[in-house]
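Given next are the chains, with one letter for each unit.
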Amino acid sequence: MSTELHQELAGLRALGLLDEAERRDFEAEIAAKPELAALCHMFDNTVTHLALTAPAQTPPPELKARILNAAVVPPKAPVIDFPFLRFAPWLAAAGFALTAVWLTVQNISLRSENAAQQTERRLAEVAYRSAQAQLAERTLVAERMVNDLGSRLRRSEDLARLKVSALASLAGNTREAQAIAVWDPEQQSGLLTFDGLPVISDEQDYQIWVVDPAYPNPVNGGVFHVAADGRVSLSFRPDQPIKQVAAFAISLEKKGGVPKAEGPIVLLGKIPSI
Amino acid sequence: MRAPNETSSEERGAEQARLIAAMAKGDKAALSTLYDQLSGPLYSLAMRMLGDAAESQDLVQDIFLQLWQTADTYDTSRGSVFSWSATLIRNRAIDRIRMRQRRSELLANAAPDLQPASLTGAADSAGSLWLREKAEAVRQALDELPPDQQQAIEFAYFSGLTQQEIATRLNEPLGTIKARIRRGLLKLKESLPHRL
């Protein structure tokens, strides 16, 4: 017989509201008592019905085509009907022959694989050196931009105009990353310099957001990827006019970026009001 | 003797299980049929939780592709295809809501004037007739609950909040919220069919 406490736990479990410790203890109890498992099943079924109480909405017609196009049919291995017993001796002989051939092929393949790996390593070294050179080139460009901004900073009117913000890493995300943002409201462009930003997968990009109270959502400032050493210097220009910068944020998004931030924010910096 | 709508539910469940089995063999037509049957309610659930059309479409796409890729792991003893899909949608929507909450807190902290985008979404008719009828019955059952129980259950299911957050949001002690959820679910159980 179920108690009120069990009913309460079963309901909260079905709604996914138990905390980790409660869930673990209750799962252990369910495993030992079949009547509790039945109670939970009943609550799970009741909770599933709640999905249907959402106001009816129609997905756009193109969504179906998008899903069907993205659903790739996995290749299936052909199934061959083979009367095994009749051919058993031949199979054994063929097996020996195949094993011998396989061992020979393996020997040759390992040798060529070794050579291929050496070639690959050399190519990777070349690619790495080339990437380093490109990065150095970009850093030079960024340094020139910083110098340029610096020379302009010497003029008092520019000094008052430029907004500078140090972006802080957010706990649990990119503790070691450092970033500085400089924003020129007149030119509607900015400069960002990062150090120690974690390397991300090829399917992801970092995305720049400019927080302006004039807009309900942060304004997209473009995407960037990070080099192996976590250093990046880049200029950016938001895709909407910025009236007042309150903060800069960097989020981790899918490749190419998103119109509205979806992923976790890894760096955030407020612009101090002057 | 079984009620006609219970038989219909079982037949519908068996048909969807057959579609999933066909999808496991790479049958895209089965995916297309399952989409026709389930996309309406699943999209509605995503919209109710996320309040954003683009995010809801992404989520529905992710879940149908997950069904397609993991169709061979479907186990009929663990519930209907709709239950499976709705659970996947809800869990993934809760992940997005929690990420969004963290992002909103951070940005609101940076710019206190910023307000989160308001929930949108006009009602529209969609989904199979079977699910629409079913939905009507469930809504009616939910409406028959006392308002405090209905509110606690809706918060618990759609908001993605924790027990404590629900209690804080509704300005009630945690024990009261738990009791309302328990009593509300017990009443719902009595008025809903055995299996969806």
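Up top you'll find the structure we're talking about.
Residues numbered from 1 in each chain as written. Chains lettered and ligands numbered in written order. Predicted model: local features only at pLDDT ≥ 70, side-chain atom pairs only at ≥ 80, totals over all residues. Heavy atoms only, no water.

> Residues and numbers for the overall build of chain B, please.
The number of helices and strands found in chain B is eight helices and zero strands. Order of helices (α) and strands (β) in chain B, N terminus to C terminus: α-α-α-α-α-α-α-α. Classification of the 196 residues of chain B by burial places 49% in the buried group. In chain B, once contacts between residues fewer than 6 apart in sequence are set aside, the share between residues at least 24 apart is 67%. (Helix = DSSP H or I, 4+ residues; strand = E, 2+ residues; numbered from the N terminus. Buried < 20%, exposed > 50% of the residue type's maximum accessible area, 1.4 Å probe, protein only. Contact = heavy atoms within 4.5 Å.)

> Could you give an account of the overall build of chain A, with specific residues and numbers?
Broken down by element type, chain A carries six helices and eight strands. Counted from the first residue to the last, chain A has its helices and strands arranged as α-α-α-α-α-α-β-β-β-β-β-β-β-β. Across the 274 residues of chain A, 35% fall into the buried class. Taking the contacts inside chain A whose residues are at least 6 apart along the sequence as the reference set, 58% of them involve residues at least 24 apart. Surface exposure of chain A reaches about 16,500 Å², of which carbon and sulfur atoms provide 60%. (Areas by Shrake-Rupley, 256 points an atom, 1.4 Å probe, with all protein chains shown as cover.)

> Residue-level account of helix 6 (residues 147-158) of chain B, with values.
In this model helix 6 of chain B runs 16 Å from its N-terminal to its C-terminal C-alpha over 12 residues, within 8% of the 16 Å that 1.5 Å per residue would give. Immediately beyond the C-terminal end of helix 6 of chain B, within one or two residues, lies B:Gly160, with a positive phi of roughly 75°. (Expected span 1.5 Å × (residues − 1).)

> Got a sec to walk through the interface of chain B and chain A? Specific residues and values, please.
Listed as interface residues are 74 residues of chain B and, on the opposing side, 62 residues of chain A. For the pair chain B and chain A, the two sides together bury roughly 6,000 Å², of which 65% comes from carbon and sulfur. Inspection of the chain B/chain A interface yields six salt bridges. In this structure, the salt-bridge partner of B:Asp58 is A:Lys254, at a minimum N-O distance of 3.4 Å. Here chain B and chain A share 17 residue pairs in polar contact (both at pLDDT 80 or more) between them. Those elements that provide at least two residues to the side of chain B that touches chain A are helix 2 (28-50), helix 3 (53-69), helix 4 (81-110), helix 5 (129-143), helix 6, helix 7 (163-170) and helix 8 (174-191) of chain B. It is helix 2 of chain B that contributes the most residues to the side of chain B that touches chain A, 13 residues altogether. When grouped by side-chain class, the residues that make up the side of chain B that touches chain A number 40 nonpolar, 15 polar and 19 charged. (Buried area = accessible area lost by both parts, 1.4 Å probe. Salt bridge = Lys/Arg side-chain N within 4 Å of Asp/Glu carboxyl O. Polar contact = N/O pair within 3.5 Å; in protein donor to acceptor, adjacent residues only side chain to side chain. Nonpolar A, V, L, I, M, F, W, Y, C, P; charged D, E, K, R; others polar.)

> Give a description of the pairing of strand 7 (residues 247-254) of chain A that names residues and reports values.
Residues and elements named next belong to chain A. Counting buried residues along strand 7, seven of its eight residues qualify, which places the element largely inside the surrounding structure. Here eight bridges tie strand 4 (residues 204-211) to strand 7, and the two strands are oriented antiparallel to one another. Pairing of Asp205 across the sheet is with Glu253, part of strand 7. Bridging between strand 7 and strand 8 (residues 265-270) involves five bridges; their strand directions are antiparallel. In the sheet register, Ala249 faces strand 8, and the bridge partner there is Leu268. (Pairing = 2+ DSSP bridges.)

> I'd like a rundown of the packing of aromatic side chains, residues and numbers included.
Applying the stated criterion across every chain, the model contains eight aromatic pairs over all chains. Aromatic pair A:Trp183 and A:Phe236: ring centres 6.0 Å apart, planes at 20°, arrangement stacked. Of the two residues, A:Trp183 is situated in strand 2 (residues 178-184) and A:Phe236 in strand 6 (residues 232-236); the sequence distance between them amounts to 53 residues. Neither A:Trp183 nor A:Phe236 differs from the other in exposure class; each is buried. Members of the aromatic cluster, joined through ring pairs, are A:Trp183, A:Phe236 and A:Phe248. Lying across the ring of A:Tyr215, A:Lys243 places its NZ or CZ 5.9 Å from the centre. Of note, B:Arg48 hangs over the ring of B:Phe158, and the distance from its end group to the ring centre comes to 4.3 Å. (Phe/Tyr/Trp six-rings, centres within 6.5 Å; stacked < 30°, edge-to-face > 60°. Lys NZ or Arg CZ within 6 Å of the ring centre and 35° of its normal.)

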